Structure formats: structure tokens, C-alpha cells
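# Structure assessment
Residues per chain are reported as follows:
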Amino acid sequence: MTEIIVVTSGKGGVGKTTTSASIACGLARRGKKVAVIDFDVGLRNLDLIMGCERRVVYDFVNVTQGEATLKQALIKDKRFDTLYILAASQTRDKDALTKEGVEKVLKDLAADDFDYVVCDSPAGIEKGAYLAMYFADQAVVVVNPEVSSVRDSDRILGLLDSKTRRAENGENLKANLLLTRYNPARVEGGEMLSIKDVEEVLGLKTIGVIPESGDVLNASNKGEPVILDLESPAGQAYDDTVARLLGEDRAMRFTTAEKKGFFSKLFGG
């Protein structure tokens, strides 16, 4: 049975698309058949991070409006045989997506035996975000450990609890917290909210903590999701996150500040 995961947040620029790409790659690396869909009509960034922007011929809107088949629009990833990307349209209005069109695409993916569909949601509470979450079985709520990001994500949780198909059917939609750009030293200095702080405000359990790292931007600029760089702490943290999504028990890493040794303190290293 196909599992639909929405990657969402209230605030823009917190790392949703990086997270969607990394989760999709991580699942495919474990042998799962995965489609990752960009719901951000009018902007379209997922194809850039996945490194397939030059291969986009048909997009998500083309499929929902019957202008192309799903098979024509899905882009097969060059790194994993079981990973496919469905790009957003850059030229259409956000109202071009409909609930009926999205449902048909998801049903066709399920009929094609996809194990997972990862929905990369636009930020906020507009139509694209609503459609990205409506059919979801579970959610990954991406949050930076700062007050504005946490407050905006609280609004998203309200929608997950009331505006999804599962909510309408009286069923539970499991939501997980993913903290991005986490800096333990800044947390200790009181400049950033702690994991516990965010969990208490949002009432969610943390499924992953991605450390603040330049590797994320470098990977995105190269069209290589950071999870593919297992030398990078961010890549390792995303790999841990995918393992936890699949039910593995992994210790949470990169959550404490590195203690300086005596000579580092002495010489300011």
C-alpha cells in the first residue's frame, strides 16, 4: 500500500524542499519505489535540488489537466532506479491544481505500486499547501528553532488536524517534527530554542535534527540532495531521519555542543 508523506511548514525558507529531496533519496536508497512531487506551482525548486531541471518536459499541472500522461511527466532519477520526480509548473497560476486532479495522480501512482509518495508543500496555508497535505497519511513538519518558525508551524498543525481527508474521516494523521539549521552552541547560549522547547510548544515528537551546515547549500547548488553526502553531518542526520521514518531506532546525533579541550581554550582554537 502506498504511503503518502507531506513535507510541510508554516514559514518559507526552512528547508522543506531539501528535506523532501533527501527523504525521497533516502527511501529509494533502501530499495523503496518513490515518487516526489513539487506542489509549489509558479516557483518550482525541487527539480533544481534533484539535479534534473533540464529534463523537465511535462509537469504536475500538465498531468492533472490531462495535457500529458503521468508516465510522460515522471522523471526517472539517474542515481536510483526506483526514484521518480514530478516537477511543478513555473508558468501556471496556483489555482491550476485541483483536488480531483491531485487525487487522480496519487491513485495512478498507487496503481503503479509506488511504496511512497513524498509531497513537497509550498509554505503557508494557501491552496497548494492544502492540496499537498489533504491526502497525506503522515506529515513531516519542518521547523527552524526560532519563535516565528514555531508559531507559523502551529497553524499548520491546526490544518493537519482539521483539513485533511484523514481528519474528515475521524482518523489520525501522524505528524513528526524535523528541526533544521540546529546549532547546539547557540542553543546553550540562549540564542536558539532547544529541541525540548519546540516539542513542548508544538506537541510533536522529533524525528530528526539537521545541524546548521554549509554542506546543505553546497549540495543544493550542485543538484545533489545532501543526504547523498554521508561525510556531511547534515547528510548523516537526514539518513538517520529516514531510518526513523521506517521504524528503526537510532540515537539522535548532533544535538549537543562540542566541548573544547584544554589547549583549545588556552590558545583560542
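Residues numbered from 1 in each chain as written. Predicted model: local features only at pLDDT ≥ 70, side-chain atom pairs only at ≥ 80, totals over all residues. Heavy atoms only, no water.

Labelled according to an unreviewed UniProt entry, the protein appears under the name Septum site-determining protein MinD, originating from Pseudoxanthomonas helianthi. Turning to the protein, the UniProt annotation filed under Subunit (unreviewed entry) states: "Interacts with MinC and FtsZ." In its Function (unreviewed entry) section, the UniProt record describing the protein reads: "ATPase required for the correct placement of the division site. Cell division inhibitors MinC and MinD act in concert to form an inhibitor capable of blocking formation of the polar Z ring septums. Rapidly oscillates between the poles of the cell to destabilize FtsZ filaments that have formed before they mature into polar Z rings." (UniProt positions renumbered as here; feature names shortened; annotations may be inferred.)

With that settled, the discussion passes to the UniProt feature "binding site: ATP" (unreviewed entry) in the protein. Mapped onto this numbering, the UniProt entry gives "binding site: ATP" (unreviewed entry) at Lys11, Gly12, Gly13, Val14, Gly15, Lys16, Thr17 and Thr18. From the set just named, the residues that line the largest pocket comprise Gly12, Gly13, Val14, Gly15, Lys16, Thr17 and Thr18. Relative to the helices and strands, Gly13 is located in the loop between β1 (3–8) and α1 (16–29). In this structure, Gly13 is in contact with Asn144 and Arg181, ignoring residues within four places of it in sequence. The topology assignment puts Thr17 in helix α1. Non-local contacts of Thr17, meaning those with residues more than four positions away in its chain, are made with Asn45, Leu46, Ile49 and Asp120. (1 Å grid on protein atoms, 1.4 Å probe; cavity = no way out; pocket = protein on both sides within 12 Å on 5 of 7 lines; lining within 4 Å. Helix = DSSP H or I, 4+ residues; strand = E, 2+ residues; numbered from the N terminus. Contact = heavy atoms within 4.5 Å.)

This brings us to helix α10 (residues 195–202). Counting along an α-helix, one turn takes 3.6 residues, and residues three or four places apart therefore face a common direction. Within α10, burial applies to Ile195, Val198 and Leu202. Buried positions in α10, seen along its axis, are confined to an arc of 70° and lie on one side of it. Along α10, the residues that are exposed and aim more than 90 degrees away from the buried face are Lys196, Glu200 and Val201. Where α10 is buried, its residues meet β6 (138–143), α7 (147–162), β7 (174–182) and β8 (205–211). Where α10 terminates, the next one or two residues include Gly203, which has phi positive at roughly 70°. (Buried < 20%, exposed > 50% of the residue type's maximum accessible area, 1.4 Å probe, protein only. Arc of directions from axis to C-beta.)

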